[in-house]
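# Examination of the molecular architecture
Residues per chain are reported as follows:
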Amino acid sequence: MFKEAIIDGLWKQNPGTIQLLGLCPTLAITTSVINGLSLGLATMFVMIIANSSISPIRKFVPDEIRVPIFILVIAALVTVVDLTIHAFAEPLYKALGIFIPLIVTNCIVLARVESFASKNPALPSFYDGLFMGLGLCLVLIILGGTREFLGQGTLFSGFDLVFGQSLSNISINFFDQYSGFLLAILPPGAFLGLAFLIALFNWIDQK
Amino acid sequence: MNNFINKNKIVGRTVLVMIIFGIIFSTILEFVHNKTNPIILKSEAEAKERLLLQVISKELYNNDLIDSFIKIKPNPILKNKEDIKCYIAKKNNKVTAVIIETRAPNGYSGEIKILVGIDIKGYILGTRVIKHQETPGLGDYIDIAKSDWINIFTYSSLKNTSKIEWAVQKDQGKFDYVSGATITARAVVSAINKALNFFEKNKLEMGIDV
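These numbers come from a predicted model, not from an experiment. (Residues numbered from 1 in each chain as written. Chains lettered and ligands numbered in written order. Predicted model: local features only at pLDDT ≥ 70, side-chain atom pairs only at ≥ 80, totals over all residues.)

Now for the overall build of chain B. What chain B contains, in helices and strands, is 2 helices and 5 strands. Beginning at the N terminus, the succession of helices and strands in chain B can be written as α-β-β-β-β-β-α. Within the span of chain B, comprising 210 residues, buried residues form 30% of the whole. The contacts in chain B between residues at least 6 apart in sequence include a share of 50% that link residues at least 24 apart. (Helix = DSSP H or I, 4+ residues; strand = E, 2+ residues; numbered from the N terminus. Buried ≥ 20, exposed ≤ 12 C-beta atoms within 10 Å, placed from the backbone. Contact = placed C-beta atoms within 7 Å.)

Spelled out as structure tokens, the structure:
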């Protein structure tokens, strides 16, 4: 059960490259490693709490109105996370900004709740949320890294804004004079990057 | 007939469940909002104090800047829908600068709040975006945390920059912008220009006699 969740989440059913769900924030946010990582972690967190809180109440939810109720629960949870971070972790909130409210619109959360948590007990649902979230997070990091490297010639820039000043040295600058490759940063770059990533995944899968 | 009653039963049950879930989660939200709102408001006020210090320097005033403001009513120059604040910086009871908290209504995703610090001669001392929802990684370069673009307005005025030049370079103006996020820059430039125009027309009311 645990093993299955890992394999499904990270590879066989990876939300970013196989299920292709939640593409809107995936494509919009992944302009750098830190952006991808931040959105990935926030989404993973919401997926875990959404899965584990809906699974125990699944018996009380009538089939006809399960989707509106799931959306209600997810939206409420995301708002709670949003307000809590805003109140108690102001710097983190400033750095994540619009990412957290964006998670409500991410259909991967609803998809996992609907296809997994509404049919399974709490513990497997927790694993499912954890590893599906982790799978998405990894895709976001790889995509963000590729676009950041091509677009700005850097990697890991801006980590200090989210994780504190101690990490300000982690940023790597590859070229001294790099004018930037704008296409990689703009939305088409996201589509192209994701296409190459999916192709790579499929290629590895076929071997 | 039986079928009808059955159907009504299902409708009644689903409505009831929906209502119960609605009540539970709005109660949770209300509770969290009540707990967090005072903290959020307080930290926003503190952040603003720090921001005011970024648009004008500390030597320019010795009054209680946060509390000495006038409210600007909706007017045709700023086109503001609500009252906005204008802070008056005074040194030894003489006005040295004003800070207008203006709004650009036409950002790429909603309103952008900008602080514009203006000295008594109408030159910009500093500008800062204090609230925006522009696209992360694209339009958010107007935020000082992401880039120092916003500093290009410093020392600009209506005198040294003509009406046509008060625009982004794409529109034959003088101000730089990041391509792909022109709308954001356009909104900011126009809002700052409006703030300067408002200042010129109303400086007597702000206590500046030139």
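When helices and strands are counted, chain A shows 11 helices and 2 strands. Ordered by position from N to C terminus, the α and β elements of chain A give α-α-α-α-α-α-α-α-β-α-β-α-α. Evaluated residue by residue, chain A yields a buried proportion of 43% over its 207 residues. Sequence separation of at least 24 residues holds for 77% of the intrachain contacts in chain A that already meet a minimum separation of 6.

Turning next to unusual backbone geometry. Keep in mind that most residues, glycine aside, have a negative phi and that most peptide bonds are trans. Residues and elements named next belong to chain B. For lysine 79, which is not glycine, the phi torsion reads 55 degrees and is therefore positive. Mapped onto the elements, lysine 79 comes out in the loop between strand E1 (69-72) and strand E2 (84-91). The phi dihedral of asparagine 93 is positive, around 65 degrees, even though this residue is not glycine. Note that asparagine 93 resides in the loop between E2 and strand E3 (94-107).

A few words on the environment of B:Val116. Along the chain, B:Val116 falls in strand E4 (residues 110-119). For the pair B:Val116 and B:Glu101, spaced 15 residues apart in sequence, the C-alpha separation works out to 6.4 Å.

Let's shift gears to the sheet that holds E2(B). All names here are of chain B. One open sheet accounts for 5 strands, arranged E1-E2-E3-E4-E5; its pairing is antiparallel. Each edge of the sheet is formed by a strand with only one pairing partner; in this case those strands are E1 and strand E5 (124-131). Taking each pair of neighbouring strands and ignoring which way they run, the sheet shows an average axis angle of 25 degrees. The sheet strands contacting helix H2 (residues 182-202) are E3, E4 and E5, and the helix crosses E3 at an angle near 145 degrees. (Pairing = 2+ DSSP bridges. Axes fitted to C-alpha atoms, helices over the stretch in contact; angles between N-to-C directions.)

Residues and elements named next belong to chain A. Close contact between helix H7 (residues 107-117) and helix H8 (residues 122-152) brings their axes to 11 Å; oriented N to C, the two are set at 145 degrees. Two packed elements cross with a definite hand, and for H7 against H8 that hand is right-handed. Seen from H7, the contacting residues are Ile108, Arg112, Phe116 and Ala117; seen from H8, they are Ser125, Asp128, Gly129, Met132 and Leu136. Each residue belonging to the contact of H7 with H8 can be placed in one class, and the counts come to 5 nonpolar, 2 polar and 2 charged. (Left-handed = near helix turned anticlockwise from the far one by under 90°. Nonpolar A, V, L, I, M, F, W, Y, C, P; charged D, E, K, R; others polar.)

This part takes up helix H1 (residues 2-55) of chain B. Since the α-helix packs 3.6 residues into each turn, any two residues three or four apart lie on the same face. With 54 residues, H1(B) should cover 80 Å at 1.5 Å per step; its first-to-last C-alpha distance of 74 Å lies within 8% of that length. Most pronounced at B:Thr36, the bend in H1(B) amounts to some 35 degrees, and the proline B:Pro38 follows within four residues. The element H1(B) is barely covered by neighbouring structure, given that only 3 of its 54 residues are classed as buried. Taken together, the buried positions of H1(B) are occupied by B:Phe21, B:Leu52 and B:Val55. Along its buried surface, H1(B) packs onto helix H4 (66-88) of chain A together with E2, E3, E4 and E5 of chain B. (Expected span 1.5 Å × (residues − 1). Bend = angle between axes of the 7 residues up to and from the residue.)

Moving on, we get to the confidence of the model for chain A. Low-confidence regions, as indicated by low pLDDT, have predicted coordinates that should not be scrutinised in detail. On average, residues of chain A score 83 in pLDDT, and 93% of them are at 70 or above. Looking at the elements of chain A, mean pLDDT is at its lowest for helix H9 (residues 159-163) of chain A, recorded as 70, and at its highest for H8(A), recorded as 89. (pLDDT = per-residue confidence, 0-100.)

What follows is about the nonpolar core. Judged by nonpolar contacts, the single largest core of 46 residues is most densely connected at A:Val46, A:Ala50, A:Val73, A:Ile74 and A:Val109. Looking at this core, the elements with two or more residues in it are helix H3 (33-54), H4, helix H6 (99-102), H7, H8 and helix H11 (187-206) of chain A. No other element matches H8(A), which puts 12 residues into this core. Dropping the residues within four chain positions of it, A:Val46 is found in contact with A:Leu77, A:Val78, A:Val81, A:Ile103 and A:Val109. Listed in part, the 41 residues of the second largest apolar core include B:Ile124, B:Leu125, B:Ala195 and B:Phe199. (Core = buried A, V, L, I, M, F, W, Y, C linked by C-beta atoms within 7 Å.)

Contacts between the two partners involve 28 residues from chain A and, on the opposite side, 21 residues from chain B. Ranked by residues supplied to the side of chain A that touches chain B, first place goes to H4(A) with 11 residues. For the side of chain A that touches chain B, a count of residues per class yields 19 nonpolar, 7 polar and 2 charged.

Residues and elements named next belong to chain B. Mapped onto the elements, lysine 194 comes out in helix H2. The exposure class assigned to lysine 194 is buried, which follows from the 20 C-beta atoms found within 10 Å. For the pair lysine 194 and alanine 104, spaced 90 residues apart in sequence, the C-alpha to C-alpha distance is 9.6 Å. Ignoring anything within four residues of it in the chain, the contact list for lysine 194 reads Ile77, Leu78 and Thr102.

What describes two packed helices is the angle between their axes and the distance between those same axes. Residue and element names in this part refer to chain A. One can describe the packing of H8 onto H11 by two numbers: an axis separation of 10 Å at closest approach and a directional angle of 125 degrees. Of the possible angle classes, the one that applies to H8 and H11 is oblique. Where H8 crosses over H11, the two elements pack in a sense that is right-handed. Where H8 approaches H11, its residues Val139, Ile142, Leu143, Thr146, Arg147 and Gly151 are matched on the opposing element by Gly189, Ala190, Gly193, Leu194 and Leu197. The residue makeup of the contact of H8 with H11, split by class, is 6 nonpolar, 4 polar and 1 charged. (Parallel < 35°, antiparallel > 145°, perpendicular 65-115°, else oblique.)

Here we take up the pairing of E5(B). Residues and elements named next belong to chain B. Buried residues dominate E5, accounting for 6 of its 8 residues. Pairing analysis gives 6 bridges linking E4 to E5, with the strands arranged antiparallel. Across the sheet, the residue bridging to isoleucine 118 is isoleucine 124, located in E5.

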